[in-house]
Amino acid sequence: MGSIPKTQFDDLSLVRQGKVRDIFDTGESLLMVTTDRLSAFDVVLPDIIPDKGKVLNQISVFWFKQMETIVKNHIITTNVNEYPEDFKPHSDALDKRSMLVKKAEPLPVECIVRGYITGSGWSSYQKEGHVCGIKLPEGLKESEKLAEPLFTPSSKAEIGDHDINISFDEAVKLVGSDTALKLKDLSLEIYKKGAEYALTKGIIIADTKFEFGMLDGEIILIDEILTPDSSRFWPLKEYEPGKSQNSFDKQYVRDWLIESGWDKNPPGPKLPQEVIDTVSKTYKEIYTRLTGVNV
C-alpha cells in the first residue's frame, strides 16, 4: 500500500483520529500512524500528499533520537516486526509511517517556540508591540531573528477548533508552576538544538510546537517533533528579513488557499496536481536535507 488517506483496519481499535494521525490502542501501548492527509487552517483538505506520512514519521523519529540527551520520548519501537500480532497483517501499510508508543497522559498545553518574528506573532507585534504578552523591542522587521527564542504556549483545542494563545501565567494555572517552568526550559532547549543543527543543513526553523505528556511522574516528549507540519522551515540561502519568506513546509499550500479565495471553512477545496506534487517534493527534500537519506 502506498499513499493512505486513512488507515482502514476494521479489525483494530481506532481510539482517535486527528487531522493527520490515526491512533490505535494495542492494550499496553498505542500505535500512531501518520497518514497522507494534509490540514490547513484547521481543516483537513480532500486531497492526499503522496508519501507525506512516511516523511513526517521518519523526520520525527530522527529528531526524537537527536533529543534523547535532553528529554525522554514516547517511542517504544518503529520496527513493524516488533508490533503486536494484531498489526502484523498490516505491516506493509504501516512500515515507515508508524510508531508504537507509550501511553502517556498528554499535558493540556501546546509548547510553541518562536525564534523569528513571523505569522501570528508578527501580526500581534505590529498591532500591540508584543507576542503573547511578551514585550519586544521596537523596530523589528518581519521575519527577523529574535535576540532569544520566545516560549509562547497555547491551550489545546478540541479537534476542529483553533488553539488559543495563552500567557505563561495561564499555562501555570493549567499545569502548575513547576511543570510550566520545566516545559518552557525543555521546549527552548530542544528548539535551540534543533535550530542549530538545521542551520548546518541550510534550513532555518523559524518556529515550532511541541507536545509533552506525563508518564510515571516524568515529563516526556510525545506526538511529533520539528516536522514541516509543526514548524516553519525556511531555506537559509533565500532568507531576507523585512518580508515573508519562502517556506519548506505547507505554507505553500496555505498561500495557494488564500489566493484561491477559500473562506477557510470546511470543506476545503481540491488542490491542483501541481500543488500536490510540489508539496510532496518539498517534504521529501526536507527529510533528505536533514538526514542525508533519500526517501
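Refer to the preceding data block for the structure.
Residues numbered from 1 in each chain as written. Predicted model: local features only at pLDDT ≥ 70, side-chain atom pairs only at ≥ 80, totals over all residues. Heavy atoms only, no water.

J.: Now, about the packing of helix α1 (residues 52-66) against helix α7 (residues 273-291): what can you tell me, with residues and values included?
T.: Across the interface, α1 lies against α7 with an axial gap of 9 Å and an inter-helix angle of 25°. As judged from the angle between their axes, α1 and α7 are roughly parallel. As for how α1 packs across α7, the hand of that crossing is left-handed. Along the contact surface, α1 presents Lys 52, Val 55, Leu 56, Gln 58, Ile 59, Phe 62 and Trp 63, while α7 presents Tyr 283, Lys 284, Ile 286, Tyr 287, Leu 290 and Thr 291. A breakdown of the residues in the contact of α1 with α7 according to their chemical character gives nine nonpolar, two polar and two charged. (Axes fitted to C-alpha atoms, helices over the stretch in contact; angles between N-to-C directions. Helix = DSSP H or I, 4+ residues; strand = E, 2+ residues; numbered from the N terminus. Parallel < 35°, antiparallel > 145°, perpendicular 65-115°, else oblique. Left-handed = near helix turned anticlockwise from the far one by under 90°. Contact = heavy atoms within 4.5 Å. Nonpolar A, V, L, I, M, F, W, Y, C, P; charged D, E, K, R; others polar.)

J.: Break down the environment of Pro 108 for me, with residues and values.
T.: Along the polypeptide, Pro 108 turns up in the loop between β8 (105-106) and β9 (109-116). Note: C-alpha distance between Pro 108 and Thr 77 (31 residues apart in sequence) is 25 Å. Beyond its immediate sequence surroundings of up to four residues, Pro 108 is in contact with Ser 154, Ser 155, Lys 156, Leu 174 and Val 175.

J.: Provide a residue-level description of α7, including the pertinent values.
T.: The first and last C-alpha atoms of α7 sit 27 Å apart over 19 residues, in line with the 27 Å expected at 1.5 Å per residue. Within the sequence span of α7, burial applies to Val 275, Ile 276, Val 279, Ser 280, Thr 282, Tyr 283, Ile 286, Tyr 287 and Leu 290. Along the axis of α7, the buried residues cluster in a sector spanning 155°; they form a single face. For α7, the exposed residues set more than 90 degrees away from the buried face come down to Glu 274 and Lys 281. (Expected span 1.5 Å × (residues − 1). Buried < 20%, exposed > 50% of the residue type's maximum accessible area, 1.4 Å probe, protein only. Arc of directions from axis to C-beta.)

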